[in-house]
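Breakdown of the fold
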Amino acid sequence: DAKTTQPTSMDCAEGRAANLPCNHSTISGNEYVYWYRQIHSQGPQYIIHGLKNNETNEMASLIITEDRKSSTLILPHATLRDTAVYYCIVRVAGWGNEKLTFGTGTRLTIIP
Amino acid sequence: GAVVSQHPSWVICKSGTSVKIECRSLDFQATTMFWYRQFPKQSLMLMATSNEGSKATYEQGVEKDKFLINHASLTLSTLTVTSAHPEDSSFYICSADRAMRETGELFFGEGSRLTVL
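Description of the structure in this document. (Residues numbered from 1 in each chain as written. Chains lettered and ligands numbered in written order. Predicted model: local features only at pLDDT ≥ 70, side-chain atom pairs only at ≥ 80, totals over all residues. Heavy atoms only, no water.)

A short note on the environment of Val92 of chain A
Considering the arrangement of structural elements, one finds Val92 of chain A in strand E8 (residues 84–92). Each C-alpha atom of the pair Val92 of chain A and Leu51 of chain A lies 9.6 Å from the other, and the pair is 41 residues apart in sequence. (Helix = DSSP H or I, 4+ residues; strand = E, 2+ residues; numbered from the N terminus.)

Spelled out as structure tokens, the structure:
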């Protein structure tokens with residue numbers, strides 16, 4: 001079973017920041033939070049990941065609460081191409097073959 | 001960035017035939033590859049974990065004799081759907097785990113859409 005819960009769907013106006021929440025209350029100390037997105041009929045695309053510090057890259061920012069039980073993915077200036085299903089996943093990083101288990105994700109629709 | 005390629009992107013076959021889907025890591029070695037299946041409007045479901053040089057590990061409910069997985073090299077894993085039936089029609093996606101990875105993200109292929117008539 002997926003270890004995360006996300007809202008089923010969200011809308012965001014084009015040009016505004018999209019904030020996607022994720023709850024992972026049972027996360028272990030060695031598990032990272034990963035975010036992927038899937039545009040229709042394509043394979044998932046890696047966005048960002050983090051352990052406990054906030055992270056930022058060219059695509060997005062990841063804010064992780066101090067207790068690590070929840071996080072928020074922020075797309076700072078959403079465009080129509082950001083319409084996709086966004087998956088929040090927890091997984092151990094490093095050596096090994098830990099599988100990635102997908103939950104239902106959040107279907108984000110960017111409104112023109 | 002790392003690239004994972006799947007082939008074919010889409011395939012249509014007759015019921016009862018077998019179909020092979022390839023997953024290649026193009027610029028890195030993958031000791032582990034994962035195979036997922038996705039039905040319309042649903043999330044990805046893990047089918048099996050494929051380790052180079054050893055037998056695949058299948059998730060509960062996935063028939064290993066129907067979905068044959070071979071991971072003969074560090075850059076290639078194949079999924080063969082044997083005796084395909086219409087209910088096997090789905091979007092099949094592979095992902096590859098980079099050996100000696102630093103950051104832990106998995107890289108996904110573009111997916112292969114199988115339609116069984």
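Let's pick the thread back up.
A word on the interface of chain B and chain A
On the chain A side, the residues contacting the 24 residues of chain B number 23 residues. Taking both partners together, chain B and chain A bury about 1,700 Å²; carbon and sulfur atoms supply 51% of that area. One can count 0 salt bridges joining chain B with chain A. Of all the elements in the fold, those that place two or more residues in the side of chain B that touches chain A are strand E4 (30–38), strand E5 (45–51) and strand E9 (90–98) of chain B. Grouping the amino acids of the side of chain B that touches chain A by side-chain chemistry returns 9 nonpolar, 9 polar and 6 charged. (Contact = heavy atoms within 4.5 Å. Buried area = accessible area lost by both parts, 1.4 Å probe. Salt bridge = Lys/Arg side-chain N within 4 Å of Asp/Glu carboxyl O. Nonpolar A, V, L, I, M, F, W, Y, C, P; charged D, E, K, R; others polar.)

Quick word on the pattern of salt bridges
All names here are of chain A. All chains considered together, the criterion is met by 4 salt bridges over all chains. Residue Glu31 is joined to Lys3 by a salt bridge in which the shortest nitrogen-to-oxygen separation is 2.6 Å. Here the residue Glu31 occupies a position in strand E3 (residues 31–38), and Lys3 occupies one in the segment before strand E1 (9–13), the gap between them amounting to 28 residues.

Brief notes about the nonpolar core
Grouped together as the largest cluster of nonpolar side chains are 25 residues, with contacts concentrated most on Val4, Trp35, Phe67, Leu79, Tyr92 and Leu114 of chain B. If you list the elements that add at least two residues to this core, you get strand E2 (10–13), strand E3 (19–25), E4, E5, strand E7 (67–73), strand E8 (76–81), E9 and strand E11 (112–116) of chain B. If you look at the next biggest cluster of nonpolar residues, it comprises 21 residues, including Cys22, Trp35, Ala60 and Leu108 of chain A. (Core = buried A, V, L, I, M, F, W, Y, C linked by side-chain atoms within 4.5 Å. Buried < 20%, exposed > 50% of the residue type's maximum accessible area, 1.4 Å probe, protein only.)

Looking at the side chain of Thr106 of chain A
Residue and element names in this part refer to chain A. Looking at the secondary structure, you find Thr106 in strand E9 (residues 106–111). For Thr106, the side chain forms a polar contact with the side chain of Gln6, separated by 3.5 Å. Within the local environment of Thr106, its side chain forms a polar contact with the backbone oxygen of Pro7, the two atoms lying 2.6 Å apart. The residues contacting Thr106, other than those within four sequence positions of it, are Gln6, Pro7, Thr8, Ser9, Met10, Leu20, Ala84, Val85 and Tyr86. (Polar contact = N/O pair within 3.5 Å; in protein donor to acceptor, adjacent residues only side chain to side chain.)

Structural notes on the sheet that holds strand E6 (residues 61–64) of chain A
All names here are of chain A. Strand order in the open sheet made by the 4 strands is E2-E7-E6-E5, with antiparallel pairing throughout. The open sheet terminates on both sides in strands that have one partner only, identified here as strand E2 (18–23) and strand E5 (55–56). Relative to E6, E5 runs antiparallel, the two sharing 2 bridges. Among the inter-strand pairings, Glu55 is bridged to a residue of E6, identified as Leu62. (Pairing = 2+ DSSP bridges.)

Considering the sheet that holds E3 of chain A
Residues and elements named next belong to chain A. The strand order across the open sheet built from 5 strands is E1-E9-E8-E3-E4, with neighbouring strands paired in mixed fashion. A single partner strand is all that each edge strand has here, and the edge strands are E1 and strand E4 (45–50). Recorded for the sheet is a direction-independent mean angle of 25° between the axes of neighbouring strands. Of the pairings in the sheet, the one linking E1 to E9 comprises 5 bridges and is parallel in character. Following the sheet pairing, Ala13 is matched in E9 by Ile111. (Axes fitted to C-alpha atoms, helices over the stretch in contact; angles between N-to-C directions.)

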